[in-house]
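Report on the structure
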Amino acid sequence: MIKTFIDKLLGKPTARSRKNPFGKREELPASVHGINPELVDDRAIDVVRTLKNAGFEAYIVGGAVRDLLLGLRPKDFDVATNASPEEVKRLFRRAFIIGKRFRIVHVVYGRGREHEVIEVSTFRAFLDNSQAEQVSGNERTSKQQLMGMQHAVDASGRVLRDNVWGPQDQDATRRDFTINAMYYDPQSQVLVDFHKGIQDAHKRVLRMIGDPEQRYREDPVRIIRAVRFGAKLAHLGFKLEAKTAKPLVACEPLLHDVPQSRLFDEMLKLLLTGHATASIEQLQKLGLAKGIYPLLDVVVERAATPLVQAVLQDTDRRVAEGKTCVPSFLLACVLWQDVQTGWQQRLNNGAHSFPALQDAIDEVFERRIGDVSGRGKLAADMREIWAMQPRFDKRTGATPFSLVAQGRFRAGFDFLRLRADVGDADEALANWWQLFQYADEAQREDLIAQARDEQRQRQKTQKPKAARKPKADDDGSASPLEAAGVHSGEEGDAPAKKRRRRRKKPVGETTSPAQE
């Protein structure tokens, strides 16, 4: 302590200042980290093996290593290497270089729905952003300026280009949280740790590498990632370090400069990756319930309403069961309240039902969804789900058969089922469609007959309309029908005789003797 004080007086570097800013490399064997190699995906192992056989360094990295360390089976695997994107691409038959801000390679295995993508990134240098080239606008307004730039930031310090390659220790320092900055070699089963990530994993701490406020300025989306990791790992006892959580609220306005499409994608990661309910709780706990993204604000605001609460819980359940979840269904539930309100207002103003519904849907899209990437497909799916709801009331004729044949029927029915579960739709109606969709032809005919009988019974029990009184002329004389002696509805009068319409003979049909 005395030596440190004297060194400060003499202007000598202290032990703390001599500390390596990129951390200290630790190599931990399997006996220490305890990762189960059977949890590692074979295709990720193949990517690492191929790169190493070509003379490059290669490791599984990021969230996959974190999950392996916690005994979980990762859903996605990322690989980091010192090979450039072009060198990686040449080693694999189906590899594609993507991205502008960060250039990475997608190595694709399999085809169709069974395909898997291994994301391969090159070690990046840790650069001083104050030395980066600066542009006045953002990604969209400064496209020409950004062309050819390797390292660029905007006026707030947000990184717009980061494609300068560097050594592994600098790549680790560039990553956000310590538990996401570990590297695992599946061949030697060695875990490489530069920032004590394994210790933080054992302590159940989420800690940002470097100065949190500066890291949030470099990439404001790290604010949302902090919420997501806090929600995802909450059930395991993880908590955000106080120093990491402190600048979150103050830095939230930085998200206003992030492209809307990227914020939309990050919102979906919060809601569709199996911890939607926990994400809402984290947002409220951290003081971020409003201001990240307008549509996310609506989700948080309505999270306690029956339909939204049900869809959030149902989404988490489906992800846990390995089932697919689509954003159109979740957002259809969140915004159904707006559609209903707009629809009813137009009906009250005398509009016809179907055009009123379509106008209400259009208004919701413009007001709530906006212009984001993939809106066309999203809008089409949501529109079909909503437009199908009034059609479920029609259970006679050919309507039920045509409805179950539609490609989006299942999504529309699941929406009806969820509405019925929370009291927003008729339970008996949902049960009828549940039976109809799985019934054979004979059973379907019986169900339609049952629905027809129920409809007739309702019509009989409805209060009969009052008889229309004859309209008198201005001078008090009877109407023309009354003058002719026709008093419809009076007791004792014989009912008017109906005129029978003669059936037209089909072409070519001869007259039978009974008709002559």
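Below is a summary of the structure that appears in this document.

The rules behind the values
Residues numbered from 1 in each chain as written. Predicted model: local features only at pLDDT ≥ 70, side-chain atom pairs only at ≥ 80, totals over all residues. Heavy atoms only, no water. Phe/Tyr/Trp six-rings, centres within 6.5 Å; stacked < 30°, edge-to-face > 60°. Helix = DSSP H or I, 4+ residues; strand = E, 2+ residues; numbered from the N terminus. Buried < 20%, exposed > 50% of the residue type's maximum accessible area, 1.4 Å probe, protein only. Lys NZ or Arg CZ within 6 Å of the ring centre and 35° of its normal. Contact = heavy atoms within 4.5 Å. Patch = residues over 30% accessible without salt bridge, like charges linked within 9 Å, V, L, I, M, F, W, Y side chains within 5 Å. Areas by Shrake-Rupley, 256 points an atom, 1.4 Å probe, with all protein chains shown as cover. Salt bridge = Lys/Arg side-chain N within 4 Å of Asp/Glu carboxyl O. Lys, Arg positive; Asp, Glu negative; His and termini not counted. Charge placed at Lys NZ, Arg CZ, Asp CG, Glu CD.

A word on the packing of aromatic side chains. Counted under the stated rule, the structure contains 16 aromatic pairs. Summarising the aromatic geometry, the rings of F123 and Y183 are spaced 6.1 Å apart at their centres and angled 85° between planes, so their arrangement reads as edge-to-face. Here the residue F123 occupies a position in the loop between β6 (116-122) and β7 (133-134), and Y183 occupies one in strand β10 (residues 182-185), the gap between them amounting to 60 residues. For F123, a relative accessible area of 2% translates into the label buried. Note on Y183: relative accessible area 0%, which makes it buried. Note on F329 and F415: the rings are 6.2 Å apart at their centroids and 85° apart in plane angle, and the pair reads as edge-to-face. Placement of F329 in helix α17 (residues 327-348) and of F415 in helix α21 (residues 409-421) is noted, with a sequence separation of 86 residues between them. Of the two residues examined, F329 and F415, each falls in the buried class. Within the aromatic cluster, the residues linked to one another by ring pairs are F392, F401, F409, F413, W432, W433 and F436. Over the ring of F229 we find R228; its NZ or CZ atom is 5.3 Å from the centre of that ring. Positioned above the aromatic ring of W432 is the side chain of R395, whose terminal nitrogen or guanidinium carbon lies 5.3 Å from the ring centre.

As a further point, take the side chain of Q389. Looking at the secondary structure, you find Q389 in the loop between α19 (375-388) and α20 (399-404). The buried category is assigned to Q389, whose relative accessible area is 4%. With residues near it in sequence (within four places) discarded, Q389 still touches W336, G412, F415, L416 and R419.

Together, D440, E441, E445 and D446 line one region of the surface with negative charge. Position of D446 among the secondary structure elements: in helix α23 (residues 441-461).

Next up on the list: the side chain of S279. With respect to the helices and strands, S279 occurs in helix α14 (residues 276-285). By relative accessible area, which is 1% here, S279 ends up buried. Here S279 is in contact with V227, A231 and L270, once residues within four sequence places are set aside.

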